[in-house]
Amino acid sequence: MSRRLFVLDGLRGWAALVVLGYHVYLQVLPPVNISRLHLDLWWPFTGSFAVALFFLVSGFSLSMGFVETGNRHMVMRTAAGRYLRLGIPIFFACMLSSALLNANLIPDPENRPFWNQQYFDFDPTLWHLIRFSLFDVYFNHSYEGSYAPPLWTMSYELFGSFGLAAMLLLVGKPSDNKLAYGLVTAVLFVLQPWYSLFLIGIVAVQLRQWLVEHVPGWAGLMSMIAGSAIAVILDQHIKVLVISSTLFFIGALHAPAACTFFSNRLSRWLGEISFPLYLTHVPITFAVGMPIYMIDFENNLLRFGAGCLAVAASILVAMMFSPINTWAMQASRWAGRTIIPGQKVTGLAS
């Protein structure tokens, strides 16, 4: 049985909180003119850095059971249920966004700042909801027709998971074929850097044990600092993000202090609401924060308060969505058992 590493929940949870803060305070409802400060280059304000951590966590958690046990059924069942695992929360999040649009609770584009007018500018019909949430979100996502702009990552989550499963089933563990993993990861790093993070997550499962046996814990903190510094000093290119986030992720898994922090009660709770928070925070921010934000565009205190209210509302909605997320995990496991019958499997990744 694959044990659960709570540090992964914590990393996912804090990354979701970073994305929330990035979108609210730097993109949708900035309280002041902050463009000259270039805060988007500074971790932890980089939403892309957090997304990279999501993909690393997914690669690690989805492969950990197989790497530790060699159980092929675990990989096949997780892959078989992956669409439901992602799709059920996505569908309900899109339903929420559609309801807000149809109730005219999200201001029309002409009633928003110019930098937010390209979002939620479509006719939220039932057919559009069904088509987008079940198909377009993975195969034809566009910001103009999206019920939540952060959903651009879902195609990577789905196909990255399938690619990960194929790698594990066809090649085996990283220790079984280091050359194959090295070559495929290098090719993906050059051609499709986001997907390379899923394979790095697989390698990190075995690397973590080696680090425990051969490398002192303080080196993990140095790796986290190096990863954060690279994300600040160098240009925010996707390949830079892959390198910097990998250093931070590996360091967080190895440093005892980081493991303790990311495994504490608050971090684990953030991990529980992280996926619902990621899916729903943008439409909630537009519906709750934007009307207040536009009351007095010159009032910086009011603008800041609108952002704070949007953050609080987003967290509350994420908590209310948690049962849907739990149901999605249960449905995905049922689908895995139904599609891939046979050997009993426990400890499936979520």
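Provided above is the structure to which this section pertains.
Residues numbered from 1 in each chain as written. Predicted model: local features only at pLDDT ≥ 70, side-chain atom pairs only at ≥ 80, totals over all residues. Heavy atoms only, no water.

Caption draft 1: Looking closely at the packing of aromatic side chains. Enumeration according to the criterion identifies 24 aromatic pairs in this entry. Look at Phe-122 and Tyr-147: their rings are 5.0 Å apart centre to centre, the planes differ by 80°, and that puts the pair in the edge-to-face class. Taken together, the residues Phe-122 in the loop between helix 4 (82–102) and helix 5 (126–139) and Tyr-147 in the loop between helix 5 and helix 6 (154–171) connect sequence positions 25 residues apart. As far as burial versus exposure is concerned, Phe-122 and Tyr-147 are alike and both buried. Between the aromatic rings of Trp-152 and Tyr-156, the centroid separation amounts to 5.9 Å while the plane-to-plane angle is 85°, which identifies the pairing as edge-to-face. (Phe/Tyr/Trp six-rings, centres within 6.5 Å; stacked < 30°, edge-to-face > 60°. Helix = DSSP H or I, 4+ residues; strand = E, 2+ residues; numbered from the N terminus. Buried < 20%, exposed > 50% of the residue type's maximum accessible area, 1.4 Å probe, protein only.)

Caption draft 2: Structural view of the nonpolar core. Counting 98 residues, the largest nonpolar core has Phe-60, Ile-90, Leu-151, Met-154 and Phe-249 as the members making the most contacts within it. At 14 residues, the largest contribution of residues to this core is made by helix 2 (residues 47–69). Residues in contact with Met-154, not counting those within four places in the same chain, are Leu-86, Ile-90, Val-137, Tyr-138, Phe-275 and Tyr-278. (Core = buried A, V, L, I, M, F, W, Y, C linked by side-chain atoms within 4.5 Å. Contact = heavy atoms within 4.5 Å.)

Caption draft 3: Fine view of unusual backbone geometry. Even without a glycine there, the phi angle at Asn-104 is positive, about 60°. By the secondary structure assignment, Asn-104 is in the loop between helix 4 and helix 5. For Phe-120, which is not a glycine, the phi torsion comes out positive at approximately 55°. Mapping Phe-120 onto the fold places it in the loop between helix 4 and helix 5.

Caption draft 4: Expanded view of empty space enclosed by the protein. Going through the model one piece at a time under the given rule, you end up with two cavities of 30 Å³ or more. There is about 70 Å³ of room inside the second largest cavity. Around the second largest cavity, the lining residues are Leu-62, Met-74, Val-75, Thr-78, Ala-79, Arg-82, Ser-161, Leu-164 and Ala-165. Only helix 3 (72–80) and helix 6 provide two or more residues apiece to the lining of the second largest cavity. Element by element, the count of residues in the lining of the second largest cavity is highest for helix 3, at four residues. (1 Å grid on protein atoms, 1.4 Å probe; cavity = no way out; pocket = protein on both sides within 12 Å on 5 of 7 lines; lining within 4 Å. Points joined across faces, edges and corners; volume = space filled by probe spheres on them.)

Caption draft 5: Local environment of the environment of Ser-48. Positionally, Ser-48 belongs in helix 2. Residue Ser-48 is classed as partly exposed on the basis of its relative accessible area of 31%. For the pair Ser-48 and Gly-220, spaced 172 residues apart in sequence, the C-alpha to C-alpha distance is 22 Å. Those residues in contact with Ser-48 that sit more than four places away from it in its chain are Trp-194 and Leu-241.

Caption draft 6: Spatial organisation of the layout of surface pockets. Within this model, the largest pocket holds a volume of roughly 560 Å³. In terms of lining residues, the largest pocket is bounded by 27 residues, among which Arg-12, Arg-85, Gly-271, Ser-274 and Phe-275 are the most central. Of all elements in the fold, only helix 1 (6–28), helix 2, helix 4, helix 6, helix 12 (265–293) and helix 13 (300–339) reach the threshold of two or more residues within the lining of the largest pocket. Broken down by class, the residue content of the lining of the largest pocket amounts to ten nonpolar, nine polar and eight charged. As for the second largest pocket, its lining consists of 18 residues, of which Tyr-22, His-23, Gln-27, Tyr-143 and Trp-152 are closest to the centre. At the level of secondary structure, the elements contributing two or more residues to the lining of the second largest pocket comprise helix 1, helix 2 and helix 12. Class assignment for the residues of the lining of the second largest pocket results in 13 nonpolar, five polar and no charged. (Nonpolar A, V, L, I, M, F, W, Y, C, P; charged D, E, K, R; others polar.)

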